[in-house]
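Results of the structural survey
Residue strings, one per chain:
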Amino acid sequence: MPNSVTQILISGPVGSKLNIAVLGDGFAQTDQAAYNQKVQELLIDGVFGHDYFYEDKQAFNIFRVNLISNQSGVSTRQYNEHGTPDDGSDDTITSTTLKDTALKYIFSGSWAHCWLEGTATTSALVQAALNTWVPDYDLVVVILNDPRYGGCGGGGFQVIPMGVGWEVLAHEFGHGTGGLADEYCTSKVYAGGESGSVDLTTNTNRATLKWKRFVNPTTPIPTGTGNCSDYTAGPKPASWDNTQDVGLFEGGGTYATGIYRPVINCRMRSNSPEFCPVCYTEMKTKMHNYTGRNFLNCYSGDFNGDGKSDLLVHNDNSIMIYRSNGSQFDVVFSTVERVPGSWQFKPNDQFYIGDFNGDGKDEVAIFNGVDWSMEYLGLLADDGHNGLKLIARYDNSMPNWDFKKNDKFYVSDFNGDGKKDLIVFNGADWSIPYLGMLQSSGTGFNVIQRYDANLANWQMTKGDKFYVGDFDGNGKDDLYVFNGDNWSIPYLSMLRSNGTSYTMVHRYDANLAGWQMTKGDKFYVGDFNGDGKADIYVSNGQNWNIAYLAMMASNGTSLTMVRRYDGNAPGWQMRKNDQYFVGDINGDNKADLFVYNYQDWSKEYLGTMISSGSDLACSWREDWVGEWNLGSVDRFLVCNFEGTVGKRDLVVHNQNWLGMIKATPTLSLQKLYYKWIHNYRYGRNW
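Residues numbered from 1 in each chain as written. Predicted model: local features only at pLDDT ≥ 70, side-chain atom pairs only at ≥ 80, totals over all residues. Heavy atoms only, no water.

In this section: the overall build of the protein. Scanning the protein from terminus to terminus reveals six helices and 53 strands. If you line up the protein on its principal axes, its C-alpha atoms span 100 × 60 × 40 Å. Counting only residues that meet the buried cut, the protein has 54% of its 686 residues in that class. Across the protein, contacts joining residues at least 24 apart in sequence account for 52% of those joining residues at least 6 apart. Of the roughly 26900 Å² that the protein leaves accessible, carbon and sulfur atoms contribute 46%. Averaged over its 56 positive side-chain charges, the protein has a centre that lies 3 Å from the centre of its 77 negative ones. (Helix = DSSP H or I, 4+ residues; strand = E, 2+ residues; numbered from the N terminus. Buried < 20%, exposed > 50% of the residue type's maximum accessible area, 1.4 Å probe, protein only. Contact = heavy atoms within 4.5 Å. Areas by Shrake-Rupley, 256 points an atom, 1.4 Å probe, with all protein chains shown as cover. Lys, Arg positive; Asp, Glu negative; His and termini not counted. Charge placed at Lys NZ, Arg CZ, Asp CG, Glu CD.)

Its 13 residues place the ends of helix α4 (residues 166–178) 17 Å apart at the C-alpha level, agreeing with the 18 Å of an ideal helix rising 1.5 Å per residue. Among the 13 residues of α4, ten are classified as buried, and the element is accordingly described as predominantly covered. Phi for G179, located one or two positions after α4, is positive at around 65°. (Expected span 1.5 Å × (residues − 1).)

Moving on: the sheet that holds strand β50 (residues 635–639). A sheet is described by the order of its strands in space; here four strands give the open sequence β50-β51-β52-β53, paired in antiparallel fashion. Because the sheet does not close on itself, it has two edges, and the strands there are β50 and β53 (668–674). Between one strand and the next, the sheet's axes are offset by a mean angle of 20°, whatever the strand orientation. Looking at chain direction, β50 and strand β51 (residues 649–653) are connected through five bridges and run antiparallel. Paired with L637 across the bridge in β51 is V651. (Pairing = 2+ DSSP bridges. Axes fitted to C-alpha atoms, helices over the stretch in contact; angles between N-to-C directions.)

If you check helix α1 (residues 32–44), its first and last C-alpha atoms are 17 Å apart, about what 13 residues at 1.5 Å a residue would give, namely 18 Å. Within α1, burial applies to Q32, Y35, K38, V39, L42 and L43. Projected down its long axis, α1 shows its buried positions confined to an angular sector of 115°, all on one face. (Arc of directions from axis to C-beta.)

We now examine the packing of α4 against helix α6 (residues 277–291). Where α4 contacts α6, the axes come no closer than 10 Å and their chain directions differ by 50°. One element, α4, and the other, α6, form an angle in the oblique class. Crossing of α4 against α6: the hand is left-handed. Judged by residue contacts, G174, T177 and G178 of α4 engage E282, M283, K286 and M287 from α6. For the contact of α4 with α6, the per-class residue count stands at two nonpolar, three polar and two charged. (Parallel < 35°, antiparallel > 145°, perpendicular 65-115°, else oblique. Left-handed = near helix turned anticlockwise from the far one by under 90°. Nonpolar A, V, L, I, M, F, W, Y, C, P; charged D, E, K, R; others polar.)

What follows is about the nonpolar core. In this structure, F53, I143 and F275 are the most contacted members of the largest nonpolar core, which totals 49 residues. Broken down by secondary-structure element, the contributors of at least two residues to this core are β2 (18–25), α1, α2 (51–55), β3 (60–66), β8 (139–144), α4 and α6. Apart from residues lying up to four places away in sequence, I143 is in contact with V22, L23, G24, D25, F27, Y35, V39, L42, I160 and M162. Counting 19 residues, the second-largest nonpolar core is a separate cluster that includes L492, F523, Y548 and L559. (Core = buried A, V, L, I, M, F, W, Y, C linked by side-chain atoms within 4.5 Å.)

The next subject is the pattern of salt bridges. Pairing is possible between side chains of opposite charge, provided their charged atoms come close. Within this structure, the stated rule accounts for 26 salt bridges. R323 is paired through a salt bridge with D310; the nearest N and O atoms lie 2.9 Å apart. Remark: D310 occurs in strand β15 (residues 310–315) and R323 occurs in strand β16 (residues 318–324); sequence separation between them is 13 residues. Like R323, the residue D310 is buried in the burial classification. A salt bridge links D588 to K590; the shortest N-O distance between them is 3.8 Å. (Salt bridge = Lys/Arg side-chain N within 4 Å of Asp/Glu carboxyl O.)

Moving on: the state of the cysteines. In the structure shown here, the tally under the stated rule is two disulfides. The disulfide bridge from C114 ends at C152, spanning 1.7 Å between sulfur atoms. With the S-S bond torsion at 100°, the cross-link from C114 to C152 turns out right-handed. Of this pair, C114 sits in the loop between β6 (106–107) and β7 (116–117) while C152 sits in strand β9 (residues 152–154); the two residues are 38 residues apart in sequence, bridging distant segments of the chain. A residue is classified by how much of its surface remains accessible, and C114, at 27% relative accessible area, is partly exposed. Between C185 and C228 runs a disulfide, and the two sulfur atoms are separated by 2.0 Å. (Disulfide = S-S within 2.5 Å.)

If you want it as structure tokens, here you go:
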């Protein structure tokens, strides 16, 4: 078996990520499986399987280099420390046992000698291996085939024996990626100037403290004084968290006194705890450009079935899932490149959320028709650990349907069995339009009906727009279909599902129950009167000299005009660029509307339109909702992150910001996040 390299974490091109090279020394050919397992244990399952590095694994590539040593185990050396284990100046070598290994490291286990050392050729051998296998390295880990504890590092290099846990590596990566200083203590006294490290200071002035934004005003400054102090400024609060509550504690940077650290115990002090808010924020800030993350592609779904809407965020080749506890989001799943199964994420993945297996938890149907040489449809389900795994994948086609890049999917339980299905329409890639009914079995999809050119007495064209809703109240989702572009007049049809096919129950030509249809009509499906039948809101602000909004009630076979608003709705002055989103704001099982306009006024407006069943009552906020400054780039997801009745919440998001907005009793901001989602005990990252 020759020397080789394997990329074990693929996050992106080497020039856009931090590249970690892992080398082994003292691993003979028969030791390579043990070496591979140790790399998996320390790096993938260890460092990048926990807290900060788990979240930001998208910033890193990892390359495992397999170097074949002629002998198993590394060279060893013993010192006589003359009773001064922390002072190497008086030590003498008592024995050295050399082995023929790839990098010629010598392990001593002596703290004063950094636990290990190289020979005269080690540096050149390491550099040659890096130049050959990972020339674009940023960080280097060398694992020695020795069972003891220890390690030596600096300058982006970390050399460790087999007896070290992943927490030590995470600590060392704190140095290499975040530029963080050690926060542990020895007996030394610090007498220098202000530290350049973000997590050490000599400053005891609250007003100018470098990490003051994380310090609760009720926390005394200094908080702990004396030799490697704990909390000494009075009784420690009962709710105090030694890792996440920030103050000013004496001791750090390998000094006992004279310099201060942010928390009692951080990973930069004793390896095992998570990084404190100061260290965490520094690494998130420095790694943000490497992750390439933003909040543009967000999806709402209840992924654990607790009744609260969670959040899925897609970026390039990664996804993250954030769990709602009713008032905030917390990361529970982070994956880069692929999930088991396997689905490999790409920038143009399209996500469709629904309970496709009827277990009370939402799954993810995912389609990509752009990034590969063929089109793919996948179904991702709960992996049992707050994440997702692939349970079905269709490559290029499935029986009775050939995928094309312009396939459009709609989530619909068209047979009423409690499992969401998919409807797929393509009016662009073939000589005639096609529509397919993809029934979910819970573990995959089957095409149970395909319509070619004509759909239940409806002649399909490329401009058809479909809307899902159970308009007759029989538990099976039906279809509304509208076309205002491809004919001399607009058409709207109601197509009833019997579970396996559609039947035309009504078609409207040019006029809809007192509404003159035009090509700019927009439709929003929801049961606004609470009778169990999916009604329609229809709006048009483009084709007339004033904006219109109508409430059209379904009786199961036709639509009736219930109310039309011409220019104004009670409490909302309508304009042509109003955007509507269907929700249930007051939890009365009647479909209400959120409404947003950023174009037609000097200020932006976000409002609610609550249905009584026959009319709307409106209210609004101008420019700001709490600390959220409404803007032209804002996008909205209607959801239920509170877990109360109805759908009265909004996730608002743009490139760098994400907010949680409650609509009851009035529009208010619950939580605000910048660049990343993290809930600090006190303070925030801006």
